[in-house]
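# Summary of structural features
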Amino acid sequence: MSTQQPPSLQSRSQGNQQWGGRYSGGPSAIMEAINASIGFDRKMWRQDIRGSLAHAAMLRHVGIIGADDEAAIREGLAAIGAEIEDGSFPFSEALEDIHMNIEARLTERIGEAGKRLHTARSRNDQVALDVRLWVRDAIDGLDAQLADVMQAMVERADEHAATVMPGFTHLQPAQPTTLGHHLLAYVEMLGRDRSRLGDCRARMNQSPLGAAALCGSGFPIDRHMTAAALGFDQPMRNSLDAVASRDFAMEFLSVLAICGTHLSRLAEEFVLWTNPYFGFVALSDAFTTGSSIMPQKRNPDAAELVRAKVGRVAGALVGMLTVMKGLPLAYGKDMQEDKEGIFDAAETMALCLAATAGMVRDMKPDAARLREAAGAGFSTATDLADWLVRELRMPFRDAHHVTGRLVAKAEGRGVDLSGLSLEEMQLEEPRIHNGVFQVLSVEASVASRTSYGGTAPVNVRRMAAEWRERLA
Ligand code: ARG
């Protein structure tokens with residue numbers, strides 16, 4: 001968000017040249033300050049030029065402007081694009097937004113023809129178009145980044161398909177799992193995020209251009225032509241809806257908020273896992289920072305920031321919903337407030353995805369420590385109970401009780417379950433035999449969980465291969 005000088009109350013003498021006919025006086029400086037969006041909507045300059053090129057080509061095609069006008073517009077817009085790119089474009093706050101800045105500059109450069117560009121168009125359909133194009137571009141960029149994060153996770157998952165680690169519920173040791181299985185859980189979540197992005201893109205891919213101010217146009221425009229030229233599936237069917245709706249932006253932000261939530265969970269796990277009390281993984285200098293006072297520190301700042309940044313993404317969603325709530329049809333200036341949240345959320349997510357991919361590739365798991373932790377907390381107790389069911393045909397609820405008493409006994413003696421002798425176990429259940437020890441190791445535990453979607457290394461390898469293929 002731009003930092004602005006407090007505006008003075010004085011009126012600026014010069015009126016806006018875009019509606020100079022009716023207006024003789026200029027806006028107060030405060031009006032100008034609250035009205036201007038150029039500080040942020042200049043980000044859409046590429047989309048604005050793309051839209052204007054398609055509009056001008058259509059105007060020429062249907063005979064509303066001549067070929068010479070269209071050529072001049074095309075050249076003028078290309079020159080303006082170059083000016084914006086090299087930083088020489090004279091952005092003006094008085095010209096409010098990116099649409100009027102570009103149009104005014106075009107007229108400055110090419111004269112008459114520039115003034116014809118806005119025929120059969122309003123800033124209302126123009127801005128609706130630009131935001132759609134911007135969001136669509138953002139979706140494509142974020143989708144590629146999501147694919148990259150998933151790729152990184154799948155590679156690490158394959159590499160660690162058999163690296164046992166503790167699986168938690170309530171953040172308490174529950175059952176042994178593998179690092180590969182854990183990472184593939186995130187791949188599934190991010191895969192759904194991608195699919196949600198795809199749904200959002202498919203639903204929003206209709207062109208508002210030609211809706212004009214709100215009721216369409218009396219000129220013989222060809223909305224199908226501009227829609228096709230801009231890569232849309234079709235023009236939007238209702239002109240009021242076209243200029244008044246921002247549900248595509250709400251949907252986009254909700255997808256990002258969900259995805260950001262997923263990333264924040266992994267980020268939190270990185271924070272925990274790199275803590276020396278866990279010691280599960282290490283992150284290198286590339287993704288940690290030191291402390292200015294404590295020489296021993298290695299702080300997981302990137303992970304902490306990914307964990308935190310979802311706050312502003314979810315905030316953008318709430319902001320957008322609140323701006324649109326109760327807004328009467330069709331366009332309202334309120335909708336100018338859609339942009340900063342959209343831009344910020346998309347850029348924040350791009351950064352978070354890059355940081356996540358980086359950390360996943362960077363992390364060094366400590367397999368020995370993970371294995372040790374996987375065996376702690378009587379994590380194979382469920383395996384023991386299952387063994388009692390299978391071997392002794394004991395009802396599961398009874399097996400649960402027997403195992404519970406054995407856990408209490410082991411805990412009292414300060415050993416894990418495999419540290420109990422057969423005799424000690426038989427005091428609780430005389431039919432227990434030596435075979436029981438085979439299921440008490442963490443390796444046996446993970447290897448046994450071959451049910452579809454289960455943690456067994458064979459499953460993990462198969463799933464990793466499936467994902468690799470899907471991502472290729
Ligand atoms: N800057 C405006 C926006 O972002 C563009 C549309 C203005 N339309 C109008 N009729 N004032 O929404």
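Residues numbered from 1 in each chain as written. Predicted model: local features only at pLDDT ≥ 70, side-chain atom pairs only at ≥ 80, totals over all residues. Heavy atoms only, no water.

### Some words on the overall build of the protein chain
Counted only if it meets this: Only DSSP runs of H or I covering at least 4 residues are called helices, and only runs of E covering at least 2 are called strands; the numbering of each starts at the N terminus. With C-alpha atoms as the basis for the radius of gyration, the globule rule is written as 2.2 Å multiplied by the number of residues raised to the power 0.38. Note on classification: 1.4 Å probe, protein chains only; a residue is buried when its accessible area is under 20% of the maximum for its type, exposed when over 50%, partly exposed between these limits. Residue contacts are counted whenever heavy atoms from the two residues lie within 4.5 Å of one another. Accessible areas in this description were obtained via Shrake-Rupley with a 1.4 Å probe; residue shielding takes into account the shown protein chains only.
Counting its regular elements, the protein chain contains 19 helices and 6 strands. Radius of gyration (C-alpha) of the protein chain: 31 Å, far over the 23 Å computed for a compact globule of 472 residues. When its C-alpha atoms are laid out on the principal axes, the protein chain stretches across 100 × 50 × 40 Å. Across the 472 residues that make up the protein chain, the buried fraction comes to 48%. Pairs at least 24 residues apart make up 73% of the contacts formed inside the protein chain by residues separated by at least 6 positions. Summed over its atoms, the accessible surface of the protein chain is roughly 22400 Å², and 53% of this surface lies on carbon and sulfur atoms.

### Examining the packing of aromatic side chains
We count it as follows: Each Phe, Tyr or Trp ring (for Trp, its six-membered ring) is paired with any other whose centre lies within 6.5 Å, and the angle between the two planes then decides the class: stacked below 30 degrees, edge-to-face above 60, tilted in between.
Going through the model one piece at a time under the given rule, you end up with 6 aromatic pairs. Plain terms: the ring middles of Trp-134 and Phe-343 are 4.6 Å apart, the flat faces sit at 55 degrees to each other, and that makes the pair tilted. With Trp-134 in helix 7 (residues 123–159) and Phe-343 in helix 13 (residues 339–362), this pair connects stretches of sequence that are 209 residues apart. In this pair, the class of Trp-134 matches that of Phe-343, namely buried. A centroid spacing of 6.5 Å and a plane angle of 20 degrees characterise the contact between Phe-168 and Phe-280, whose relative ring orientation is stacked.

### Overview of the site of the ligand
We count it as follows: Each residue is tested against the molecule or strand, and it is near if at least one of its non-hydrogen atoms lies within 4 Å. Polar contacts here mean pairs of N or O atoms no more than 3.5 Å apart (in protein, one a potential hydrogen donor and the other a potential acceptor; neighbouring residues in sequence count only if both atoms are side-chain atoms).
As a structural note, the neighbourhood of the ligand is formed by Ser-37, Asp-97, His-99, Arg-123, Asn-124, Val-127, Tyr-331, Gln-336 and Lys-339. Contacts to the ligand include Asp-97, whose side-chain N or O atom sits 2.9 Å from a nitrogen atom. A distance of 2.9 Å is found between a nitrogen atom of the ligand and a side-chain nitrogen or oxygen belonging to Asn-124. Taken by itself the ligand offers 340 Å² of open surface, and the protein chains cover 86% of this. It is helix 7 that contributes the most residues to the shell around the ligand, 3 residues altogether.

### Describing helix 7
Convention followed: The span one expects for a helix is its residue count, reduced by one, times 1.5 Å.
When the terminal C-alpha atoms of helix 7 are compared, their 53 Å separation across 37 residues agrees well with the 54 Å that a helix rising 1.5 Å per residue should span. At the N-terminal end of helix 7, a side-chain oxygen is found 2.8 Å from the backbone nitrogen of Asn-124, two or three residues along, and the residue is Ser-122.

### Considering the pattern of salt bridges
Definition in use: Note on definitions: salt bridges are taken to be side-chain nitrogens of Lys or Arg within 4 Å of carboxyl oxygens of Asp or Glu.
Using the criterion set out here, one finds 33 salt bridges in the structure. With a closest N to O distance of 2.9 Å, Arg-468 and Asp-158 form a salt bridge. Placement of Arg-468 in helix 19 (residues 457–471) and of Asp-158 in helix 7 is noted, with a sequence separation of 310 residues between them. Relative accessible area serves as the criterion here: at 33%, Arg-468 is assigned to the partly exposed category. Note that Arg-196 and Asp-193 form a salt bridge whose closest N and O atoms lie 3.0 Å from each other. With a gap of 3 residues between them, Arg-196 and Asp-193 both fall in helix 8 (residues 179–204), about one helical turn apart. Under the relative-accessibility criterion, Asp-193 is labelled buried at 0%. In this structure, a network of salt bridges that share partners links the residues Glu-83, Arg-105, Glu-108 and Arg-109.

### Details of the UniProt feature "domain: Fumarate lyase N-terminal" (unreviewed entry) in the protein chain
To keep things clear, this is the line we draw: UniProt positions are given in the numbering used here, feature names are shortened, and annotations may be inferred rather than shown by experiment.
Cross-referencing UniProt, the feature "domain: Fumarate lyase N-terminal" (unreviewed entry) maps to residues 21–315 in the present numbering. Secondary structure content for residues 21–315 is 63% helix and 6% strand, while the C-alpha to C-alpha distance between its ends is 41 Å.

### Brief notes about unusual backbone geometry
Most peptide bonds are trans, and most residues other than glycine sit at a negative phi. Cis geometry is found at the peptide bond from Leu-329 to Ala-330, where omega equals 5 degrees. Here Ala-330 lies in the loop between helix 12 (301–324) and helix 13. A positive phi is found at Ala-120, a non-glycine position, where the angle reads about 60 degrees. On the basis of relative accessible area, Ala-120 is assigned to the buried category, the value being 10%.

### With respect to the packing of helix 3 (residues 45–61) against helix 7
To describe two helices that pack against each other, one gives the angle between their axes and the distance between the axes. Put simply, the rule reads: Axis definition: a line fit to C-alpha positions, over the contact stretch in the case of helices; interaxial angles, taken between N-to-C directions, run 0 to 180 degrees. Should an angle lie under 35 degrees it is considered roughly parallel, over 145 roughly antiparallel, and from 65 to 115 roughly perpendicular; all remaining angles are considered oblique. Handedness of a helix crossing follows the sense of rotation of the near helix relative to the far helix, less than a right angle counterclockwise being left-handed and clockwise being right-handed. In the scheme used here, Gly and all other residues not listed as nonpolar or charged are polar, with Ala, Val, Leu, Ile, Met, Phe, Trp, Tyr, Cys and Pro taken as nonpolar and Asp, Glu, Lys and Arg as charged.
Following both chains from N to C, one finds helix 3 and helix 7 inclined at 120 degrees, their axes separated by 9 Å at the closest point. As far as their axial angle goes, helix 7 and helix 3 are oblique. Crossing of helix 3 against helix 7: the hand is right-handed. Between helix 3, through Gln-47, Asp-48, Arg-50, Gly-51 and Ser-52, and helix 7, the contact on the second element is made entirely by Gln-126, Leu-129, Asp-130, Leu-133, Trp-134, Arg-136 and Asp-137. Among the residues forming the contact of helix 3 with helix 7, the class breakdown is 3 nonpolar, 4 polar and 5 charged.

### Describing the UniProt feature "domain: Argininosuccinate lyase C-terminal" (unreviewed entry) in the protein chain
Mapped onto this numbering, the UniProt entry annotates "domain: Argininosuccinate lyase C-terminal" (unreviewed entry) at residues 378–447. With 61% helix and 0% strand, residues 378–447 has its two end C-alpha atoms placed 17 Å apart.

### Some remarks on the nonpolar core
The cut-off we apply is this: Among buried residues, the Ala, Val, Leu, Ile, Met, Phe, Trp, Tyr and Cys ones that are joined through side-chain atoms within 4.5 Å form a nonpolar core.
With 101 residues, the main nonpolar core has Phe-252, Phe-270 and Ile-342 as its most contacted residues. In this structure, Leu-388, Leu-406, Met-425 and Leu-440 belong to the second largest nonpolar core, which totals 21 residues.

### Topic: helix 19
Applied cut-off: As used here, the arc belongs to the directions running from the helix axis to the C-beta atoms.
Helix length check: helix 19, at 15 residues, gives a terminal C-alpha distance of 21 Å against a target of 21 Å (1.5 Å per residue), a fit within 8%. For helix 19, the set of buried residues is Pro-457, Asn-459, Val-460, Met-463, Ala-464, Trp-467 and Leu-471. Axial view of helix 19: buried residues confined to an arc of 145 degrees, hence all on one face. Those residues of helix 19 that are exposed and aimed more than 90 degrees away from the buried face are Arg-462 and Glu-469. Along its buried surface, helix 19 packs onto helix 7, strand 2 (172–178), helix 8 and helix 18 (442–448).

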